[in-house]
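Coordinates in review
Below, each chain spelled out in residue letters.
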Amino acid sequence: MVIKVCVGSSCHLKGSYDVIVAMKEIIKKYDVEDLVDLQASFCLGYCAQGVTVKADNMEAATVEHLGSDELFLHNVNKDNAEELFAKEIYPLLNI
């Protein structure tokens, strides 16, 4: 799975660097470094919705379950990043 954190102008000003740092720590804490590729991404098109995180390149079963090949999380910050990861992304890894 690829997790992309928006680093466009608006998200940058809203703390995307802090989200990237938090996600690195979370991915290591959950021991999924071999399953997740964390990347920075230029504008994901949700500028008014805070820092946006996108998950894509998921397994076929996950895509079928979601009904989509990508998941967007909005208003992510360093304080809620782990909660959102645990609730929204981690279950999609099918561990």
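Before going into details, it helps to say that this report is about the structure given with it. This is a predicted model, so every value here is computed, not measured.

So, on to the side chain of Ser41. With respect to the element layout, Ser41 can be found in strand E2 (residues 37-41). Of the residues examined, Ser41 reaches a relative accessible area of 15% and is grouped as buried. Beyond its immediate stretch of four places on either side in the chain, Ser41 contacts Lys4, Val5, Cys6, Val7 and Gly8.

As enumerated under the stated definition, the model contains four salt bridges in all. Residues Glu82 and Lys29 are paired through a salt bridge, measuring 2.7 Å at the closest nitrogen-oxygen approach. Of this pair, Glu82 sits in helix H4 (residues 81-89) while Lys29 sits in helix H2 (residues 16-29), placing them 53 residues apart in sequence. Here Asp56 makes a salt bridge to Lys54, at a shortest N to O gap of 3.6 Å. Each member of the pair, Asp56 as well as Lys54, carries the same accessibility label: buried.

Position of Thr62 among the secondary structure elements: in helix H3 (residues 60-66). Excluding residues within four positions of it along the chain, Thr62 makes contact with Leu92 and Asn94.

Bringing the sheet that holds strand E4 (residues 70-73) into the picture now. Strand order across the open sheet formed by four strands is E2-E1-E3-E4, with mixed pairing between neighbours. Each edge of the open sheet is held by one strand with a lone partner, namely E2 and E4. When strand polarity is set aside, the average angle formed by the axes of neighbouring strands in this sheet is 20°. Sheet topology note: the strand E3 (residues 53-56)/E4 ladder contains four bridges and is antiparallel. The partner of Val53 across the bridge, within E4, is Leu73. Of the strands in this sheet, strand E1 (2-6) and E4 touch H4, which is tilted by about 150° from E4.

This next bit is on H4. For H4, the complete set of buried residues consists of Ala81, Leu84, Phe85 and Ile89. The buried side chains of H4 occupy one side of the element, clustering within an arc of 100° when seen end-on. Of the exposed residues in H4, the ones pointing more than 90 degrees away from its buried face are Glu83 and Lys87.

About the cut-offs
Residues numbered from 1 in each chain as written. Predicted model: local features only at pLDDT ≥ 70, side-chain atom pairs only at ≥ 80, totals over all residues. Heavy atoms only, no water. Helix = DSSP H or I, 4+ residues; strand = E, 2+ residues; numbered from the N terminus. Buried < 20%, exposed > 50% of the residue type's maximum accessible area, 1.4 Å probe, protein only. Contact = heavy atoms within 4.5 Å. Salt bridge = Lys/Arg side-chain N within 4 Å of Asp/Glu carboxyl O. Pairing = 2+ DSSP bridges. Axes fitted to C-alpha atoms, helices over the stretch in contact; angles between N-to-C directions. Arc of directions from axis to C-beta.

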